[in-house]
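Summary of structural features
Okay, here's what each chain looks like letter by letter:
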Amino acid sequence: LSLFAACEGDNLFSGDSSLAQPRVGVAGPDALVAGDSFAVRIEAFAARGISRVDVALRGAITKDTTITPTGTESTNLSQLLRFASPTFFSDTVLIISARTTDKSGLISSMKADTVLAFGPPGVVSVSKPDSVRAGTAANLRVRIVGSRPITQFTLRVRGAMTLDSTITVIPPRLDVTQDI
């Protein structure tokens with residue numbers, strides 16, 4: 001008596017199974033405040049063992065980090081990463097993305113979490129002349145960026161002259177370039 005059996009579909013040994021595909025999850029905070037610290041939870045699985053997990057922060061913060069498991073062949077990883085946020089954000093959104101690579105080189109799909117970032121406005125640049133002759137005008141250009149619309153800013157000049165001036169921004173904008 002002979003019996004042959006077969007199944008249709010992928011298996012774990014071929015390398016094509018969705019069960020063998022590495023997976024990753026990422027969860028950031030609900031919101032981010034400038035100058036504060038925050039945590040990101042990374043969960044990863046790879047049936048063949050996790051080689052590395054790459055994490056990237058883009059938008060309000062730009063930073064890359066890699067988690068490399070140590071010790072035995074780890075198939076599961078759960079790690080809390082802590083980051084310090086700067087006192088000024090260049091954007092109002094932080095995108096946290098992660099992907100994992102297993103020991104055989106298979107790479108998971110990218111997973112991401114989006115976090116709103118709140119902080120005070122910051123001066124990005126001030127363009128000014130190197131020197132000014134007495135009796136002539138000095139032209140300045142100021143660029144200020146905020147996560148909420150900027151309605152006004154104060155200019156203070158000290159040195160050969162003293163100037164305190166409040167400049168109103170009409171209409172309020174997130175990115176202001178002002179010639180003075």
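A few points on the structure. Bear in mind the structure is a predicted one, so any value in this text is a computation, not a measurement.

With that settled, consider the nonpolar core. Leu 32, Phe 38, Ile 42, Val 53, Val 55, Leu 94 and Ile 96 are the most contacted members of the largest nonpolar core, which has 25 residues in total. Contributions of two or more residues to this core are made by strand 1 (23-27), strand 3 (37-45), strand 4 (50-59), strand 6 (76-84), strand 7 (93-102) and strand 8 (111-118). Dropping the residues within four chain positions of it, Ile 96 is found in contact with Val 26, Gly 28, Pro 29, Val 40, Val 55, Ala 56, Leu 57, Lys 111, Ala 112, Asp 113 and Val 115. With 9 residues, the next largest nonpolar core counts Leu 140, Val 142, Ile 167 and Val 176 among its residues.

Let us look at the environment of Ser 37. Note on placement: Ser 37 falls in strand 3. Note on Ser 37: relative accessible area 55%, which makes it exposed. As for Ser 37 and Pro 86, which are separated by 49 residues in sequence, their C-alpha atoms are 8.9 Å apart. With sequence-adjacent residues up to four places away left out, Ser 37 is seen in contact with Phe 83, Ala 84 and Ser 85.

You can see Leu 80 is positioned in strand 6. As a C-alpha pair, Leu 80 and Glu 43 span 37 residues in sequence and 8.9 Å in three-dimensional space. When near neighbours in sequence (up to four residues on either side) are disregarded, Leu 80 contacts Ala 39, Val 40 and Arg 41.

It is worth spelling out the pairing of strand 10 (residues 141-157) at this point. Bridge analysis of strand 9 (residues 122-127) against strand 10 gives 5 bridges, and the strand direction is antiparallel. What sits directly across from Ser 127, in strand 10, is Arg 141. Two elements, strand 10 and strand 11 (residues 163-179), share 12 bridges in a ladder whose sense is antiparallel. Within strand 11, the residue paired with Gln 152 across the bridge is Thr 168. If you look at the hairpin formed by strand 10 and strand 11, you'll find 5 residues sitting between the two strands, and Gly 159 has a positive phi there, around 140°.

Turning our attention to the sheet that holds strand 5 (residues 63-67). Taken in spatial order, the 5 strands make up an open sheet running 2-8-7-4-5, and their pairing is mixed. At either end of the open sheet lies a strand with only one pairing partner, and these are strand 2 (31-33) and strand 5. Shown here is a sheet whose adjacent strand axes are inclined to one another by a mean of 25°, direction ignored. Looking at chain direction, strand 2 and strand 8 are connected through 3 bridges and run parallel. For Leu 32, the partnering residue across the bridge sits in strand 8 and is Ala 117.

Let's shift gears to the environment of Ile 96. Mapped onto the secondary structure, Ile 96 falls in strand 7. Classification of Ile 96 as buried rests on a relative accessible area of 0%. Taking the C-alpha atoms as reference, Ile 96 lies 9.5 Å from Ile 61; in sequence the two are 35 residues apart.

Criteria and cut-off values
Here the residue numbers are simple positions, counted from 1 along each chain's written sequence. The predicted nature of this model means local features are confined to residues of pLDDT at least 70 and side-chain atom pairs, given and counted, to a pLDDT of 80 or more, with totals for whole chains, interfaces and linings taken over all residues. Computation of side-chain values: all heavy atoms of the structure, hydrogens and water removed. Buried Ala, Val, Leu, Ile, Met, Phe, Trp, Tyr and Cys residues form a nonpolar core when they are joined through side-chain atoms within 4.5 Å. Only protein chains enter the accessibility calculation, which uses a 1.4 Å probe; a residue is then buried when its area is under 20% of its type maximum, exposed when over 50%, and partly exposed in between. Working definition: helices are DSSP H or I runs of at least four residues, strands are E runs of at least two. Numbering for both runs from the N terminus. When checking whether two residues touch, look at their non-hydrogen atoms; a contact exists if any pair is within 4.5 Å. Strand pairing is assigned whenever DSSP detects at least two bridges linking the two strands. With axes taken as lines fitted to C-alpha atoms, and helix axes fitted only over the stretch in contact, angles between N-to-C directions fall between 0 and 180 degrees.

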